[in-house]
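Notes for the structure review
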Amino acid sequence: MLLTMIIGITNEDVELALSSSPWDLGNAVLYNLCKEHPIHESDEAIIAKIWLIGRTYAAAIERRRNAQEQMTSDDFYITTVAKTIRESKIDKWLTDIPAIITNSWIQLESAIATHKKLMDLFAEISGLEKRALASKYLHFHRPDVFFIYDSRARQAINKVTPSIIQIPEIKCKVSDAEYLFLVRKCLWLEDDIAKRYGVVLTPRQIDKILLIVADRIKKSGRQRTLRMS
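Residues numbered from 1 in each chain as written. Predicted model: local features only at pLDDT ≥ 70, side-chain atom pairs only at ≥ 80, totals over all residues. Heavy atoms only, no water.

1. Regarding the overall build of the protein chain
- When helices and strands are tallied, the protein chain shows eleven helices and zero strands.
- Each helix and strand of the protein chain, ordered N terminal to C terminal, gives the series α-α-α-α-α-α-α-α-α-α-α.
- Split into buried and exposed, the 229 residues of the protein chain put 48% on the buried side.
- Residue pairs at least 24 apart in sequence account for 71% of intrachain contacts in the protein chain once pairs closer than 6 positions are excluded.
- Total accessible area computed for the protein chain in this model is approximately 12,500 Å², and 55% of it derives from carbon and sulfur atoms. (Helix = DSSP H or I, 4+ residues; strand = E, 2+ residues; numbered from the N terminus. Buried < 20%, exposed > 50% of the residue type's maximum accessible area, 1.4 Å probe, protein only. Contact = heavy atoms within 4.5 Å. Areas by Shrake-Rupley, 256 points an atom, 1.4 Å probe, with all protein chains shown as cover.)

2. Let's talk about helix 4 (residues 73-86)
- Taking 1.5 Å per residue as the helical rise, helix 4 with its 14 residues ought to reach 20 Å, and the 18 Å between its terminal C-alpha atoms agrees with that figure.
- All of the buried residues along helix 4 are Phe76, Tyr77, Thr80, Val81, Ala82, Thr84 and Ile85.
- Looking at the buried residues of helix 4, the elements they touch are helix 3 (43-56), helix 5 (90-95) and helix 7 (109-126). (Expected span 1.5 Å × (residues − 1).)

3. Points about helix 1 (residues 11-18)
- Within helix 1 the residues assigned to the buried category are Asp13, Val14 and Ala17. Along the long axis of helix 1, the arc covered by the buried residues comes to 100°, so they all point the same way. (Arc of directions from axis to C-beta.)

4. A few points about unusual backbone geometry
- A positive phi angle, close to 50°, is found at Ala58, a residue other than glycine.
- A positive phi angle is found at Lys130, which is not glycine, with a value near 55°.
- With respect to the helices and strands, Lys130 occurs in the loop between helix 7 and helix 8 (131-141).
- Classification of Lys130 by relative accessible area gives buried; the value is 13%.

5. Considering the side chain of Ser126
- Mapping Ser126 onto the fold places it in helix 7.
- Separated by 3.1 Å, the side chain of Ser126 and the backbone nitrogen of Leu128 make a polar contact. (Polar contact = N/O pair within 3.5 Å; in protein donor to acceptor, adjacent residues only side chain to side chain.)

6. Examining the packing of helix 2 (residues 24-36) against helix 8
- Look at helix 2 against helix 8: their axes get within 7 Å of each other, and the N-to-C directions meet at 75°. The angle between helix 2 and helix 8 falls in the class roughly perpendicular. From helix 2, Asn27, Leu30, Tyr31 and Cys34 reach across to helix 8, where they touch His139, Phe140 and His141.
- The class makeup of the residues in the contact of helix 2 with helix 8 is four nonpolar, three polar and no charged. (Axes fitted to C-alpha atoms, helices over the stretch in contact; angles between N-to-C directions. Parallel < 35°, antiparallel > 145°, perpendicular 65-115°, else oblique. Nonpolar A, V, L, I, M, F, W, Y, C, P; charged D, E, K, R; others polar.)

7. A word on the packing of aromatic side chains
- Across all of its chains, the model carries four aromatic pairs by this definition.
- A ring pair is formed by Phe76 and Tyr77, whose centres lie 6.5 Å apart and whose planes are at 70°; its orientation type is edge-to-face.
- Among the aromatic side chains, those forming a connected cluster through ring pairs are Tyr31, Tyr57 and Phe140.
- The ring of Tyr149 carries the charged tip of Arg131 above its face, separated from the ring centre by 5.7 Å. (Phe/Tyr/Trp six-rings, centres within 6.5 Å; stacked < 30°, edge-to-face > 60°. Lys NZ or Arg CZ within 6 Å of the ring centre and 35° of its normal.)

8. As for the packing of helix 3 against helix 4
- Close contact between helix 3 and helix 4 brings their axes to 9 Å; oriented N to C, the two are set at 110°. The orientation of helix 3 relative to helix 4 falls into the category roughly perpendicular. Note on packing geometry: the crossing formed by helix 3 with helix 4 is right-handed. Side by side, helix 3 and helix 4 meet where Asp43, Ile46, Ile47, Ile50, Trp51 and Arg55 of the first sit next to Ser73, Tyr77, Ile78, Val81, Ala82, Ile85 and Arg86 of the second.
- Partitioned by chemical class, the residues of the contact of helix 3 with helix 4 number nine nonpolar, one polar and three charged. (Left-handed = near helix turned anticlockwise from the far one by under 90°.)

Keep in mind that these numbers describe shape and distance, not what the molecule does.
Put into structure tokens, the structure is as follows:
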């Protein structure tokens, strides 16, 4: 079956994904925070993680439907966010994911289910889907497993991968269709880059690739606008 893509990944793109970035130190702070406080028992740790990750990645949980005017953002974090997450089964969901991933196409079922469950939990808290926040929050707890979802990644992944019907399925009993779509395409891209360039990229490095592509799409759109004006 012919695989057709709009934008190809170059060796330069891969080298950029592997290189250091001005954002690495800030991300390292978040990785270390989740590594030092992986369990969801302390309200302080829960608030620190959800607040810093959400605000840093423009996916704050306090952006919610029907926000009560009398409840401040601080009150919302203390009385609703921390309590709901602490009383959830998030730690079990995370420990259900294999400690070592040797075959992502088979072993990521539990990770995809965890993302869906956390999305549902965030929906209970905020009244909104919070798909991106769930992926980003989980990514900092298991950076080897969770791909980052947001609008730029969703747009870019379609430009560098074939149609979803040409990509292997991942059998999942519990999943969010949008995130499952992204994961399948990211795994295909990861495999394709490994075959062509001999490098296995991490989810963070795949995200860097997608940001490069998203910027390329944006610049291309500007150029088209200039030519038409």
